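If you want the building blocks of each chain, they are given just below.
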Amino acid sequence: MTDLNTLRLAGKRAVITGGTSGLGLEMARRYIAEGAEVIITGSNPERTAAAAAEIGAEGVVADVRDHAQLGALAEHVRRRWGGLDVLVANAGIGVFAPIADVTPAAFDRQFDINVKGVFFSVQALLPLIGAGGSIVLIASGVNAKGAPGASLYFATKAAVRSFARSLAAELGPQGIRVNALSPGVVRTGFQERAGMVDEASEAFIRSVIEASPLRREGAPEEIARAAVFLASDDSSYMAGSDVVVDGGYMNV
């Protein structure tokens, strides 16, 4: 029999954007195991429904690029729970290309999802988060690095890291903690489905692993455990931080 007193997220209500696959789905699975009620979002209705059924979450279709859909998500959460304890702004993509091959459409898509999507997800759901709430922004272990062919993706994740600083300063006086979580190289199958794995990205992944002290890729559950920590009261005195879980790549 499960002891509710040992569950780190017991009684907490969490929304995880981009929670239908990859790290978002693993984080949602772990949150539920730790006692949270979870809503996951995705832009594809079929995948959202299937993922929610798989882990016992509630699925809501909401494309983070669509301001109206984010507003509808916030209204759904308000009617469903009345408030929110944890928001994980996870939805994101990564496309690698040399500067000569980047089109305005590709630029806009990556920034619309990874930067605008994060910011306006927080804006939409913030009125539901009270004192003691936690906002976790999913950045990346490359947010302070540079690499050929990675200018767009790295820039979007640097922006997310910056959001964590400024939003922590703005929302901290309200008792709301904002922190970033920066994963390293983790393969989940999402990358292949999203068309993110090509020769350029594979070369980058190999270079990261070779430059990391642990010399390996991460596992989804290793990132999810850090996400639980940031959502739980164990991190109650943390704000504006970047929890880097990348095998040491950023720090050496």
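What comes next concerns the included structure. (Residues numbered from 1 in each chain as written. Predicted model: local features only at pLDDT ≥ 70, side-chain atom pairs only at ≥ 80, totals over all residues. Heavy atoms only, no water.)

### What about the layout of surface pockets?
Convention followed: Definitions used throughout: a 1 Å grid over protein atoms alone; a cavity as a set of points that fits a 1.4 Å probe which cannot get out; a pocket as an open set with protein on both sides within 12 Å along at least five of seven lines; a lining residue as one with an atom within 4 Å of a point. Grid points are joined across faces, edges and corners, and a volume is the space filled by probe spheres set on the points. Gly is put with the polar residues, along with every residue not named as nonpolar or charged; the nonpolar set is Ala, Val, Leu, Ile, Met, Phe, Trp, Tyr, Cys and Pro, and the charged set is Asp, Glu, Lys and Arg.
Estimates place the volume of the second largest pocket at around 160 Å³. Lining the second largest pocket are 15 residues, with Glu 217, Gly 218, Val 245, Asp 246 and Gly 247 sitting closest to its centre. Considering only residue class, the lining of the second largest pocket consists of seven nonpolar, four polar and four charged.

### Regarding helix H1 (residues 22-33)
Stated formally: Put simply, DSSP marks the helices as runs of H or I at least four residues long and the strands as runs of E at least two long, and each gets a number from the N terminus on. By this rule, a helix spans an expected 1.5 Å times one less than how many residues it contains. A 1.4 Å probe rolled over the protein chains alone gives each residue an accessible area, and that area as a share of the maximum for its type sets the label: buried under 20%, exposed over 50%, partly exposed in between.
Its 12 residues place the ends of H1 17 Å apart at the C-alpha level, agreeing with the 16 Å of an ideal helix rising 1.5 Å per residue. Listed in full, the buried residues belonging to H1 are Gly 22, Leu 23, Gly 24, Leu 25, Glu 26, Met 27, Ala 28 and Tyr 31. One or two residues past the end of H1 sits Gly 35, with phi positive at roughly 100 degrees.

### A few points about the pattern of salt bridges
Note the cut-off: Salt bridge, as used here: a side-chain nitrogen of Lys or Arg that lies within 4 Å of a carboxyl oxygen of Asp or Glu.
This structure, assessed with the given rule, holds 13 salt bridges. Residue Glu 26 pairs with Arg 29 through a salt bridge whose shortest N-O separation is 3.5 Å. Of this pair, Glu 26 and Arg 29 are both found in helix H1, three residues apart, which corresponds to roughly one turn of the helix. A residue is classified by how much of its surface remains accessible, and Arg 29, at 33% relative accessible area, is partly exposed. With its nearest N and O atoms 2.9 Å apart, the salt bridge here joins Asp 63 to Arg 65. One network of salt bridges, in which partners are shared, links Glu 26, Arg 29 and Glu 54.

### Describing helix H4 (residues 104-125)
Rules: The term bend refers to the angle at a residue between two fitted axes, each drawn through seven residues, those ending there and those starting there. We call two residues in contact whenever any of their non-hydrogen atoms come within 4.5 Å of each other.
Look at H4: 29 Å from first C-alpha to last across 22 residues, which is about the 32 Å you get at 1.5 Å a residue. A maximum bend of about 40 degrees is found in H4 at Asp 112. Along H4, the residues classified as buried are Gln 110, Ile 113, Asn 114, Val 115, Gly 117, Val 118, Ser 121, Val 122, Ala 124 and Leu 125. Those residues of H4 that are buried lie in contact with strand S1 (13-16), helix H3 (67-81), strand S4 (84-89), strand S5 (129-138) and helix H5 (151-171).

### Section: unusual backbone geometry
The phi dihedral of Arg 215 falls on the positive side, at around 55 degrees, and the residue is not glycine. Looking at where Arg 215 falls in the secondary structure, it is placed in the loop between helix H7 (199-211) and helix H8 (220-231).

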